[in-house]
Amino acid sequence: MRIAVDARPLAHPLTGIGRYTESLLKRLVRMGHQWYLYSDRPITPRFPLGERVQLRVGNARPGTALSLVYSQLVFPRWARGDCVDIFWSPRHHLPLIMPRRVARVVTVHDLVWKRHPQTMRGSNRLLELLLMGPSLRGADQVICVSDFTASEVVSSYPALAGRCTTIAEAAEAITEDYEERYPLPARPYLLFVGTLEPRKNLPRLLDAFGMACRTDAFQPLLLVVGAEGWGNENLAGKLEALGLADRVVLKGRVSDAELRELYAGCTGLLMPSLYEGFGLPALEAMWHGAPVIAGDSGALPEVVGDAGLLVDPLSTEAIAEAILKLCGDPDLHERLSRRASARAATYSWDRAAQDTLDVFSSVHDARQPDLI
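Calculation criteria
Residues numbered from 1 in each chain as written. Predicted model: local features only at pLDDT ≥ 70, side-chain atom pairs only at ≥ 80, totals over all residues. Heavy atoms only, no water. Core = buried A, V, L, I, M, F, W, Y, C linked by side-chain atoms within 4.5 Å. Buried < 20%, exposed > 50% of the residue type's maximum accessible area, 1.4 Å probe, protein only. Helix = DSSP H or I, 4+ residues; strand = E, 2+ residues; numbered from the N terminus. Contact = heavy atoms within 4.5 Å. Phe/Tyr/Trp six-rings, centres within 6.5 Å; stacked < 30°, edge-to-face > 60°. Pairing = 2+ DSSP bridges. Axes fitted to C-alpha atoms, helices over the stretch in contact; angles between N-to-C directions.

### Focus: the nonpolar core
Core analysis: the biggest nonpolar cluster contains 60 residues, and Leu25, Leu28, Trp35, Trp88, Leu191, Leu269 and Phe360 have the highest contact counts within it. The dominant element in this core, judged by the number of residues it contributes, is helix α13 (residues 349–371), at 7 residues. Among all residues touching Leu28, those that are not within four sequence positions of it are Trp35, Trp88, Ala353, Thr356, Leu357 and Phe360. Counting residues in hydrophobic clusters, the runner-up holds 33 residues, among them Ala79, Val102, Val106 and Leu136.

So, in structure tokens, the structure goes:
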């Protein structure tokens, strides 16, 4: 098969969709076939490409009209010239004028734009509104990263009931031998990982952490890891107002190596999100044996299971109570840590890559009678 991929997420490998795309592609390109990675801007994949992989890149800046021109007009032209059999988008949208002979597969991570539109930047919400529906209806197969997301897709687009396949994300060992080591705090710490945007519920989390800090015996720090998104209030100012400037560290974006060490050393991950289509940081933390305090909505209950504490993400008091419970009960923490490692081990990127390739094979085979 000749498979083209919307490789734009590789320009952002530390974000959720970027990590998903990179984790699958570095396995898929080793599994035979011809691969064509399309991007509207230069990318430098962090895995060996091999002789079966061709890069096609443009010179657009992200978020500009030229980026949209590449994805909707240039990618189909490249696909025609490369005689591809399949086009896969790991990021919700397909080119809407792809040549008829090309089978189309799209991955859906969530339906935030439908369920919590107020938590999205307006321009991104508009793109989802204009492109997701036609992309899904035109796809031969839709990959969903969780059963929850699959249910969301079918609920919104009932005609897709027979074309949705759940292929879960995974966590993995980081085997590179990094020379640099990152000093961890001398005292226990909790961890937040995610893009700083409204649906991550960070302001309410800070309020809850502030409540926990008013308990004399409570000592942990909170480390906030993630790139700045949009719609955030002045977090530094909020920390000053809450008296938490010496208890919360805003670390921003970190490398994979540092993130690995932060996961391994934390008391637990705090992820009381309002909505997640999967929740990859939760699974990555669990792989390192870290229990998770997670919102009880979206896909997080499906991912976390009994390896963490589920809370109402709208209740500051519930989040604070869970924080105190996790940090104040060593036996509970030990039980959850064991469950976290065991549950994370049931997810596999190798299996996800094979299942994804099986989807490509099935749509390719289904298209063959049409081409005779």
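### Concerning the packing of aromatic side chains
Aromatic ring pairs: the centre-centre distance and the angle between the two ring planes describe each pair. Summed over the entire model, instances satisfying the criterion amount to 13 aromatic pairs. Ring centres of Phe75 and Trp78 lie 5.7 Å apart, and the angle between their planes is 25°; this geometry places the pair in the stacked category. Note that Phe75 and Trp78 are positioned in helix α2 (residues 65–82) at a spacing of 3 residues, about one turn of the helix. Looking at Phe75, the relative accessible area reads 0%, which means it is buried. Ring centres of Trp88 and Phe360 lie 5.6 Å apart, and the angle between their planes is 55°; on these two criteria the pair is classed as tilted. On the criterion of sequence distance, the pair formed by Trp88 in strand β4 (residues 86–89) and Phe360 in helix α13 is long-range, its members being 272 residues apart. Overall, Phe360 belongs to the buried group, its relative accessible area being 0%. Three or more aromatic residues link up through ring pairs in this structure, and these residues are Tyr20, Trp35, Trp88, Trp349 and Phe360.

### Considering the sheet that holds strand β11 (residues 268–271)
The parallel open sheet is built from 6 strands, whose spatial order is β10-β9-β8-β11-β12-β13. Since the sheet does not close on itself, it has two edges, and those belong to β10 (248–252) and β13 (308–311), each with one partner. Strand-to-strand, the axes of this sheet are offset by a mean angle of 25°, without reference to chain direction. Where β11 and strand β12 (residues 292–295) come together, 3 bridges link them in parallel fashion. Note on β12: the bridge partner recorded for Leu270 is Ile293. Packing against the sheet, helix α6 (residues 202–213) makes contact with β8 (189–193), β9 (221–225), β10 and β11, and its axis sits at approximately 170° to β9.

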